[in-house]
Amino acid sequence: RSDKKKKGRINIMIMSNKDIEEYHNIGLDTATKVFNKFKDGTLPWLELDIDFKPFIDSKELDSVAPYYVPHRSDEYGNKGWSSCCLHGLGMDLTEVAGQYGYKDELNAPYDWTALTENAPLATKFWKQFPAERYSRIRFMKLEAHGQIEWHDDHPKYELPEDLCDYLIPINVALVNPALCYMEVKDHGLVPWRNGKVYLINILKKHRVQNNSNSSRIHMIAQAHIGNKRNEFNELLDRSLKKNGIRI
């Protein structure tokens, strides 16, 4: 009997880190588990099981083109970066609300801009996405041979316990040239393809280098999941399964 007790103790002692993690995750929903891994830095990105390709229209991209304004270009070595807002404080107000005198990022008067008339398909996608509301939804262009230097997007204050009550960055590739690379520090290159939708862990250092002769065009939405949490969890569950990730 004493041998059985010893054997039981040994089994507990050799629980894997994965087993311990799953024990602590009991009762947590998928969003919480995913964003906990963002916070501890062990998940650099997650490809979402959703396809933007049906919403990419070259005519829309051409129609949006005149409205790009410089975005952090020449800042910290960035080159050729520009943006415009589909949803925000204005088409050309591409920075966070604090840059325009608002104290509360979550409750600044963000709204759909006139650019929705130029990009009805893109607008339709974001209205269907499982998020209660947004702060900014931006077209982001990096010109040929442009670069975005190493940086992270940590807000520099303590993150809320539940990131679904804050803002989640959803990144979409509309045009991602073959010679344009996004790298997350210590994790390598994000495997972008046109139409792919990713959660990128922007709490980690990342950079983009466009070595091609054409522009890279993405969209980035800052999404407040809010009352769409169940639908968002379903999307995450499908995405983890598709990517063979166990958390």
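Residues numbered from 1 in each chain as written. Predicted model: local features only at pLDDT ≥ 70, side-chain atom pairs only at ≥ 80, totals over all residues. Heavy atoms only, no water.

Glancing now at the overall build of the chain. When you go through the chain residue by residue, the secondary structure sums to six helices and 11 strands. By the burial criterion, 45% of the 247 residues in the chain qualify as buried. Summarising the internal contacts of the chain: among those between residues at least 6 apart in sequence, 79% fall at separations of at least 24. For the chain, the accessible surface area stands at approximately 13200 Å², while carbon and sulfur atoms represent 50% of it. (Helix = DSSP H or I, 4+ residues; strand = E, 2+ residues; numbered from the N terminus. Buried < 20%, exposed > 50% of the residue type's maximum accessible area, 1.4 Å probe, protein only. Contact = heavy atoms within 4.5 Å. Areas by Shrake-Rupley, 256 points an atom, 1.4 Å probe, with all protein chains shown as cover.)

Here we come to the pairing of strand S7 (residues 180–184). Going residue by residue along S7, you find Cys180, Met182 and Val184 tucked away on one face and Tyr181 and Glu183 left uncovered on the opposite face. Sheet topology places S7 next to strand S10 (residues 206–210); five bridges connect them, and they run antiparallel. When the bridges of S10 are listed, Val184 appears paired with His206. In the sheet, S7 pairs with strand S8 (residues 188–189) via two bridges, with the strands oriented antiparallel. (Pairing = 2+ DSSP bridges.)

Moving on, we get to the packing of helix H3 (residues 30–39) against helix H6 (residues 229–243). One can describe the packing of H3 onto H6 by two numbers: an axis separation of 8 Å at closest approach and a directional angle of 60°. Contacts between H3 and H6 involve Thr30, Ala31, Thr32, Val34 and Phe35 on the former and, on the latter, Arg229, Phe232, Asn233, Leu236, Asp237 and Leu240. Of the residues that constitute the contact of H3 with H6, the class distribution is six nonpolar, three polar and two charged. (Axes fitted to C-alpha atoms, helices over the stretch in contact; angles between N-to-C directions. Nonpolar A, V, L, I, M, F, W, Y, C, P; charged D, E, K, R; others polar.)

This part takes up the nonpolar core. As a rule of thumb, soluble globular proteins bury nonpolar side chains together. Counting 43 residues, the largest nonpolar core has Trp126 and Phe139 as its most contacted members. Listed in part, the 16 residues of the second largest apolar core include Ile148, Val190, Ile200 and Ile202. (Core = buried A, V, L, I, M, F, W, Y, C linked by side-chain atoms within 4.5 Å.)

The phi angle at His145 is positive, at roughly 65°, despite the residue not being glycine. In this structure, His145 sits in strand S5 (residues 133–151). Take His145: its relative accessible area is 40%, and that puts it in the partly exposed class. Phi angles above zero are rare outside glycine, and Asp186 is one such case at about 75°. Overall, the relative accessible area of 72% leaves Asp186 in the exposed class.

Within the element layout of this structure, Tyr76 appears in the loop between strand S2 (69–70) and strand S3 (79–88). Considered as a pair, Tyr76 and Glu149 are 73 residues apart in the sequence and their alpha carbons are 6.8 Å apart.

Moving on, we come to the pairing of S3. Taking burial as the measure, the 10 residues of S3 include nine buried ones, the bulk of the element. Of the pairings in the sheet, the one linking S2 to S3 comprises two bridges and is antiparallel in character. By the bridge assignment for S3, Pro70 is matched with Ser82. In this sheet, S5 lies alongside S3 in antiparallel orientation, the contact comprising seven bridges. Bridging across to S5, Ser82 finds its partner in Lys141. As judged from the two bridges shared by S3 and strand S4 (residues 111–112), these two strands associate in the antiparallel manner. Within the sheet, the bridge partner assigned to His87 lies in S4 and is Trp112.

Taken by themselves, the reported measurements are silent on function.
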